[in-house]
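The primary structure of each chain is shown beneath.
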Amino acid sequence: MSLILQDIGRRVGRKWILRHLQLEVANGECLALLGPSGCGKSTTLRLIAGLDLADEGSILIDGQDVSKVAAVDRRIGMVFQSYALFPHLTVAANLCLGLRVRGISAAEQQHRVASVLALMQLEEFADRRPAQLSGGQRQRVALARALLRDPLVYLLDEPMSNLDAQLREDLRPELRRLILNGNQPVVYVTHDQHEAMAMADRIAVLRDGQLEQIGTPQELYLKPSTIFVASFIGRPQINLLPAQSGIVTAIRPEDVHLSEEGISCRIIDIEWLGTSQLCLLDSPKGKLRMLCNSQIKIPENVKVKWSSEKEHHFNSESGHRIN
Amino acid sequence: MIQLLLLPAILLVGLVFGVPLIRYAWLSLHADSVVTGLVAIPNNGANWLRLINDQRFWQDAIQTSRFAVVSVGLELLIALAIALLLDQRWRGRGVVRAATLLPWALPTTVMALGWRWIFNTPYGPIEQLAKLFGLHTLNILSNPDITWLATVVGDVWKTTPFIALILLAGLQTIPEDLYEAFRLEGGKPRAALFRITLPLLQPYVLLGLLFRLAQAFGVFDLIQVMTGGGPASSTESLALYSYINAMRFLDFGYSATIMIGSFILLLLACILVWAIIQQSRILKGALK
Ligand SMILES: Nc1ncnc2c1ncn2[C@@H]1O[C@H](COP(=O)(O)OP(=O)(O)OP(=O)(O)O)[C@@H](O)[C@H]1O
Ligand SMILES: [Mg+2]
């Protein structure tokens, strides 16, 4: 294990904005931090980077406790949400600056910058300022800068959030190739679950500064440990049936299907999604979402069922999974 | 027509700056004094010939430039330090920030009177201090070699807050994450000052520089109240000289000539500063 967070917490004033966070990321592994806005994702990255210091717990990189080590000395490669490129410097100078302040020789600087420019296909932009680049190009420069740092850990704070949906999909394989090929732990912050599933080996779901669940994308999807994770992971959102004797039953829209022996429902609305269609049903158990093949012609009144194995059960008080 | 929207601004600027300028330029080509019965009579550039040969004009021009360059230079340095300090987060910053602005809010004549008293011989606190340390009387306001420095002190005290405010505004436009990225790159705080802060502050420094240079070059009230241009005209500014010609000698034609003459000098100085800055930028680019 190469990056370990041991029970770390961060306090602002008297309020804990992050508490009891326990994570381990292996070398070459990509962990996605996923959660709604304000749940503490950026805070976690800043603690790992050393931009803020943890108020409790410790952080280990390659077995060394770096909790008290200054950001300058932690050897972290970080891509900021805003990219944080120096606006007054050209792309080449942006990449050079770090090498220069770390006292690397001029010839070596030239060599390394040239090779990373080639790797990221940025050669033709070397003399441009950040303001003269597109969002995707800026992101590549920010990434190039992180690569040049030759870091022990990669931290990426929503590196795609400033890009349009198409570009994000195009860039994912490239990003994976570049960063995940390395032998460093990667922590990848996003609030887009598709991106998290596409990029990460494991996903940690945060909520209000606490770890809700950590596991592979499959584990999170198949065995969500809380109601929060169940409704956060998987689109369209899981159906939560009204609590009965303290138990909430949840069923994914893709597990609901048409069947003659099922319960009768009335169709309220149909959203056509291409290969599938999302039906909103009015059932005796409340409103239900059902995802089915778009070839099927849906009548006004239908009967639906699902297999009880596909049901998830949660304690309605605590929100925890019951097995 | 988007240009139409600029019309009121252009008209206003034209009215406030253009009209007096043209009027003065016109007046500088005429004799208009008690001798002519305060009627403007064309005199074929005699005013300008007189100006070129006027020792006192050139001396005042040198004195005014010296005053402007030294005060603005000092102001920039001190203001930069203050702005950097006020940009940090610390307890009581708000109070200090407000206090910093006080000199700027004070009317110049009032604060000039204050300085005149501070430098007064023999009763002012400076002289009292000098006496305490066993020094001779300094005669700050009556020694032609050093009196101008006293006026510099007054000007620096009064207008440093203004530049500090401009620079502070500039500092606050620099995103925090640039510094954080730089820290992660292994950069130390002092390196951040030279590699990030100062380059990004450059437009604001330039703005303050040109603005203040023009203002200091036209200094009038501070000098008038503190020294009246003395001793022996050693602190006399061009504006004061022009004022004396109009108000004491009632020679409006020549007064206007001095005004337009100093305006031309100021324009040349600004172009020079601008050119130097452009040049240095090109130099920097070439070194990259
Ligand atoms: N300096 C601070 N002072 C006070 N509260 C803070 C500070 N920094 C962060 N917070 C609070 O901590 C919580 C977590 O913030 P954080 O920036 O980590 O969220 P995030 O998960 O990155 O959200 P987003 O997806 O919007 O970027 C938020 O509620 C935020 O208001
Ligand atoms: Mg964030």
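Residues numbered from 1 in each chain as written. Chains lettered and ligands numbered in written order. Predicted model: local features only at pLDDT ≥ 70, side-chain atom pairs only at ≥ 80, totals over all residues. Heavy atoms only, no water.

Student: I'd like to hear about a nonpolar patch on the surface, residue by residue, with values.
Tutor: All names here are of chain B. Among the surface-exposed residues, L21, I22, F263, I264, L267, L268 and I271 lie close enough to one another that they form a single nonpolar patch of about 640 Å² accessible area. Top contributing element to the nonpolar patch by residue count: helix α12 (residues 252-287), with five residues. Inspection of the secondary structure puts F263 in helix α12. Assessed through its relative accessible area of 34%, F263 is described here as partly exposed. (Patch = residues over 30% accessible without salt bridge, like charges linked within 9 Å, V, L, I, M, F, W, Y side chains within 5 Å. Areas by Shrake-Rupley, 256 points an atom, 1.4 Å probe, with all protein chains shown as cover. Salt bridge = Lys/Arg side-chain N within 4 Å of Asp/Glu carboxyl O. Helix = DSSP H or I, 4+ residues; strand = E, 2+ residues; numbered from the N terminus. Buried < 20%, exposed > 50% of the residue type's maximum accessible area, 1.4 Å probe, protein only.)

Student: So what about the sheet that holds strand β3 (residues 30-34) of chain A? Which residues, and what values?
Tutor: All names here are of chain A. One open sheet holds the six strands; their spatial order is β6-β7-β8-β3-β9-β10, and the pairing between them is mixed. Because the sheet does not close on itself, it has two edges, and the strands there are β6 (76-79) and β10 (210-215). Here the average twist between neighbouring strands, direction ignored, is 20°. Judged from the five bridges that link them, β3 and strand β8 (residues 186-190) form a sheet pairing that is parallel. Within β8, the residue paired with L34 across the bridge is T190. In this fold helix α1 (residues 41-49) packs onto β3, β6, β7 (153-157), β8 and β9 (202-207), with an angle of close to 150° to the strand it touches most, β7. (Pairing = 2+ DSSP bridges. Axes fitted to C-alpha atoms, helices over the stretch in contact; angles between N-to-C directions. Contact = heavy atoms within 4.5 Å.)

Student: Provide a residue-level description of the pairing of strand β17 (residues 312-315) of chain A, including the pertinent values.
Tutor: One face of the sheet, then the other: side chains in a regular strand alternate in exactly this way. Residue and element names in this part refer to chain A. Burial of β17 is one-sided: the residues H312 and F314 facing one way are buried, the residues H313 and N315 facing the other way are not. As paired strands, strand β12 (residues 247-251) and β17 are joined by four bridges and run antiparallel to one another. Among the inter-strand pairings, I247 is bridged to a residue of β17, identified as N315.

Student: Lay out the site of ligand 1 in plain terms, naming residues and giving numbers.
Tutor: All names here are of chain A. In the vicinity of ligand 1, the contacting residues are V12, I17, S37, G38, C39, G40, K41, S42, T43 and E158. Between ligand 1 and the protein, one listed contact pairs an oxygen atom with a backbone N or O atom of C39 at 3.3 Å. With respect to ligand 1, the side chain of E158 contributes an N or O atom lying 3.3 Å from an oxygen atom. When ligand 1 is considered free in solution it has 630 Å² of accessible area, and contact with the protein chains removes 57% of it. In terms of residue count, the dominant contributor to the shell around ligand 1 is α1 (three residues). For the shell around ligand 1, the class distribution of residues is three nonpolar, five polar and two charged. (Near = heavy atom within 4 Å. Polar contact = N/O pair within 3.5 Å; in protein donor to acceptor, adjacent residues only side chain to side chain. Nonpolar A, V, L, I, M, F, W, Y, C, P; charged D, E, K, R; others polar.)

Student: Could you give an account of the interface of chain B and chain A, naming the residues involved and the relevant values?
Tutor: Taken residue by residue, the interface counts 16 residues in chain B and 23 residues in chain A. Summed over both partners, the interface of chain B with chain A buries about 1900 Å², with 64% contributed by carbon and sulfur atoms. At the boundary of chain B with chain A, the tally comes to one salt bridge. In this structure, the salt-bridge partner of B:E180 is A:R46, at a minimum N-O distance of 2.8 Å. For the side of chain B that touches chain A, the secondary-structure elements that each account for two or more residues are α8 (176-184) and α9 (189-217) of chain B. Of the residues forming the side of chain B that touches chain A, the biggest block, seven residues, is contributed by α8(B). Partitioned by chemical class, the residues of the side of chain B that touches chain A number seven nonpolar, two polar and seven charged. (Buried area = accessible area lost by both parts, 1.4 Å probe.)

Student: Describe in detail the packing of aromatic side chains, supporting the description with residues and values.
Tutor: Residues and elements named next belong to chain B. Tallying each qualifying case throughout the model produces eight aromatic pairs over all chains. Centroid distance W104 to F162: 4.7 Å. Interplanar angle 25°. Geometry classified as stacked. Placement of the pair is W104 in helix α4 (residues 93-105) and F162 in helix α7 (residues 147-172), with a sequence separation of 58 residues. Of the residues examined, F162 reaches a relative accessible area of 16% and is grouped as buried. Judged by centre distance (5.6 Å) and plane angle (35°), the rings of F162 and F211 are tilted. (Phe/Tyr/Trp six-rings, centres within 6.5 Å; stacked < 30°, edge-to-face > 60°.)

Student: With reference to specific residues and values, describe α7(B).
Tutor: Residues and elements named next belong to chain B. Across its 26 residues, α7 extends 38 Å between first and last C-alpha, which sits within 8% of the 38 Å expected from 1.5 Å per residue. Within α7, the axis deviates most sharply at T159, by approximately 40°, and proline P161 lies no more than four positions further along. Across the 26 residues that make up α7, a large majority, 20, are buried. (Expected span 1.5 Å × (residues − 1). Bend = angle between axes of the 7 residues up to and from the residue.)

Student: Could you give me a rundown of the pattern of salt bridges, with the residues and numbers involved?
Tutor: One pass over the full model with this rule turns up 14 salt bridges over all chains. Between A:E212 and A:R207 there is a salt bridge, with the nearest N and O atoms lying 3.6 Å from each other. Taking the relative accessible area as the measure of exposure, A:R207 reaches 36% and is therefore partly exposed. Residue B:R212 is joined to B:E75 by a salt bridge in which the shortest nitrogen-to-oxygen separation is 2.9 Å. Linking B:R212 in helix α9 with B:E75 in helix α3 (residues 55-87), this pair joins segments that are 137 residues apart in sequence.

Student: Run through the packing of α7(B) against α9(B), naming residues and quoting values.
Tutor: All names here are of chain B. Between α7 and α9, the least distance of the axes is 9 Å, while the angle of their chain directions is 140°. Comparing their axes, α9 and α7 come out oblique. In this structure, α7 meets α9 at a crossing whose hand is right-handed. Along the contact surface, α7 presents D155, T159, F162, I163, I166, L167, G170 and L171, while α9 presents T197, L201, Y204, V205, L207, G208, F211 and R212. Of the residues contributing to the contact of α7 with α9, the split by class is ten nonpolar, four polar and two charged. (Parallel < 35°, antiparallel > 145°, perpendicular 65-115°, else oblique. Left-handed = near helix turned anticlockwise from the far one by under 90°.)

Student: Give a description of the sheet that holds strand β4 (residues 56-61) of chain A that names residues and reports values.
Tutor: Residue and element names in this part refer to chain A. Spatially, the four strands line up as an open sheet ordered β2-β1-β4-β5, and their pairing is antiparallel. For this open sheet the edge positions go to β2 (15-25) and β5 (64-65), each flanked by a neighbour on one side alone. Examined bridge by bridge, strand β1 (residues 3-12) and β2 share seven bridges and lie antiparallel to one another. Residue I4 lies in a different strand from β2, and its bridge partner there is E24. Against the sheet, α1 engages β1, β2 and β4, with an angle of about 115° to β1.

Student: Describe the nonpolar core, with residues and values.
Tutor: Here is a general trend for soluble globular proteins: nonpolar side chains tend to be buried in one another's company. If you look at the biggest cluster of nonpolar residues, it comprises 89 residues, and the most contacted ones within it are A:L3, A:M78, A:L155 and B:I196. Looking at this core, the element that brings in the most residues is α7(B), giving eleven residues. In this structure, A:Y83, A:M120, A:L122 and A:A126 belong to the second largest nonpolar core, which totals 47 residues. (Core = buried A, V, L, I, M, F, W, Y, C linked by side-chain atoms within 4.5 Å.)

Student: Mind laying out the confidence of the model for chain A, listing which residues take part and the relevant values?
Tutor: When pLDDT is averaged along chain A, the result is 92; 100% of the residues meet or exceed 70. Per-element mean pLDDT across chain A ranges from 82 in helix α5 (residues 165-180) of chain A up to 96 in β9(A). (pLDDT = per-residue confidence, 0-100.)

Student: Go over unusual backbone geometry, please, and point to the residues and values.
Tutor: Most peptide bonds adopt trans geometry, and most residues besides glycine take a negative phi value. Residues and elements named next belong to chain A. Omega for the peptide link from R235 to P236 comes to -5°, which places this bond in the cis form. With respect to the helices, strands and loops of the structure, P236 is situated in the loop between α8 (227-232) and β11 (239-240). With a phi angle near 50°, D62 is a residue other than glycine that sits in the positive phi range. Within the secondary structure, D62 sits in the loop between β4 and β5.

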